[in-house]
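Each chain, written out:
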Amino acid sequence: MTNKRHNAGILGTGYYVPEKRITNRDIEKMVDTNDAWIVERTGIRERRAAEPGTPVSEIACKAAEMAIEDAGVRAEDLDLIIFATLTPDYYIPSTACVLQMRLGAAKAAAFDLEAACSGFVYASAIAAQFIENGIYKHILVVGAEVLSNMVDWEDRNTCILFGDGAGAAVYGAVPEGEGILAFDLGADGTGGDTLIVPAGGSAQPTTEESIKARQHFMQMDGKAVFRFAVKVMGKTVLDALEKIGMDKSEIDHLIPHQANIRIVQAAAKRLDMPMDKVFVNLDKYGNTSAASIPIAIAEAQREHRFKKGDVIALAGFGAGLTWASCILRWTKEDK
Ligand code: UT7
């Protein structure tokens, strides 16, 4: 039973990445690694880093302003802001509230959502509910991260992978048959310790010892996350397709979470998709967690990859563990 009154779709997109580039060669000077290894095992060549002390709301604001303009609305028109991030400005207030102030979106309710790299798709699924039932007209969904603060630059397991960036989309009502057609969200909390920042929360509050032990930085069992990702990324798309009786051959574009080219290739293989239908920008930006999918959508749009009516699959996975996918029919004219 559904009370759907409208379809929810993307009215506008935006993105922003900081100017400063950190190349693999730069990282060779920090930890025992090399460009060839990083490129072969991950596909990443460089990533962006915000200047130290940059709040994530600052880079998010730039992406949000672009999305609002692209949607042809004003910040004052926003009814809700959902901010997906694992690197918030503060514990309190929420970064969504900081962004609401920065944008002057006085009418908008605002909250943060933490589903790690799956965050943007989780947030989009929530936004869709409010649009579909007619409660809200315009919802800004942001995925943004300043991961350069959370990465241990002495740990070669993680510091090679991550980058900073922000992506945003404005959702609103679109004609029937367009916009979000289906989504699939999932979680497996038993895998929580495979990608974790152990200290700084209520489970292990900050102490001198925790700081010395570098427990405020991300720790990852890369192999375990890799296995999980390869298993789940294609499957979540197939599960979403099944809900609407669509076949994988009907997908025109796959926008995967940009974590590792080998994970992306495995997902494409599972979906029988040639790589020219798969958008990849991880070579330039690395893994920007919640920002990776919205940056990819916004960039692909500006590269004129999408035609009105194209079927796009978004697919993410991340800490939690979590996964999320969304099937949508692109509703914007290519300009
Ligand atoms: O959004 C979700 C975030 N997380 C992920 O997506 C991570 C998923 N996992 C991965 O992407 C991969 O597991 C990594 C890129 C992290 C690691 O690649 P891998 O192919 O699983 O490498 P490995 O851990 O099996 O290590 C292979 C070898 C080891 O050496 P030995 O034991 O074979 O001699 C490592 O010590 O490579 C070594 N190694 C490195 N060498 C150079 C591990 N990290 C590095 C490094 N540079 N940065």
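Residues numbered from 1 in each chain as written. Predicted model: local features only at pLDDT ≥ 70, side-chain atom pairs only at ≥ 80, totals over all residues. Heavy atoms only, no water.

**A few points about helix H5 (residues 119-132)**
- With 14 residues, H5 ought to run about 20 Å at 1.5 Å a step, and its terminal C-alpha atoms sit 20 Å apart, in line with that.
- For H5, a buried count of eleven out of 14 residues is recorded, marking the element as mostly surrounded by other parts of the structure.
- Turning to H5, its buried residues number three or more, namely Gly119, Phe120, Val121, Tyr122, Ala123, Ser124, Ala125, Ala127, Ala128, Ile131 and Glu132.
- Just past H5, the residue Gly134 takes up positive phi, approximately 80 degrees. (Helix = DSSP H or I, 4+ residues; strand = E, 2+ residues; numbered from the N terminus. Expected span 1.5 Å × (residues − 1). Buried < 20%, exposed > 50% of the residue type's maximum accessible area, 1.4 Å probe, protein only.)

**Section: the domain arrangement of the protein chain**
- Partitioning the protein chain into domains gives domain 1 (7-177) and domain 2 (181-282 + 291-329).
- Taking only C-alpha atoms, the centre of domain 1 and the centre of domain 2 are 14 Å apart.
- With 43 residues of domain 1 in contact, the opposing surface of domain 2 contributes 40 residues.
- Taken together, both faces of the contact between domain 1 and domain 2 bury some 3100 Å²; the carbon and sulfur share is 64%.
- Interface area lost by domain 1 to domain 2 is led by Tyr15, Val121 and Tyr122, which between them contribute 18%. (Domains from an automatic or database assignment. Contact = heavy atoms within 4.5 Å. Buried area = accessible area lost by both parts, 1.4 Å probe.)

**Describing the side chain of Asn287**
- Examined against the element boundaries, Asn287 turns out to sit in the loop between helix H9 (282-285) and helix H10 (292-302).
- Overall, the relative accessible area of 6% leaves Asn287 in the buried class.
- In this structure, Asn287 is in contact with Ile44, Cys117, Leu147, Leu161, Phe162, Gly163, His257, Gln258 and Ala259, ignoring residues within four places of it in sequence.

**Some details on helix H4 (residues 95-103)**
- Taken as a whole, H4 has its buried residues at Thr95, Ala96, Val98, Leu99 and Leu103. The arc that holds every buried residue of H4, seen down its axis, measures 155 degrees, which confines them to one face.
- Its buried side turned inward, H4 meets helix H3 (56-71), strand E4 (80-84), strand E5 (109-113) and strand E6 (139-145).
- Once H4 ends, the next one or two residues include Gly104, with phi positive near 70 degrees. (Arc of directions from axis to C-beta.)

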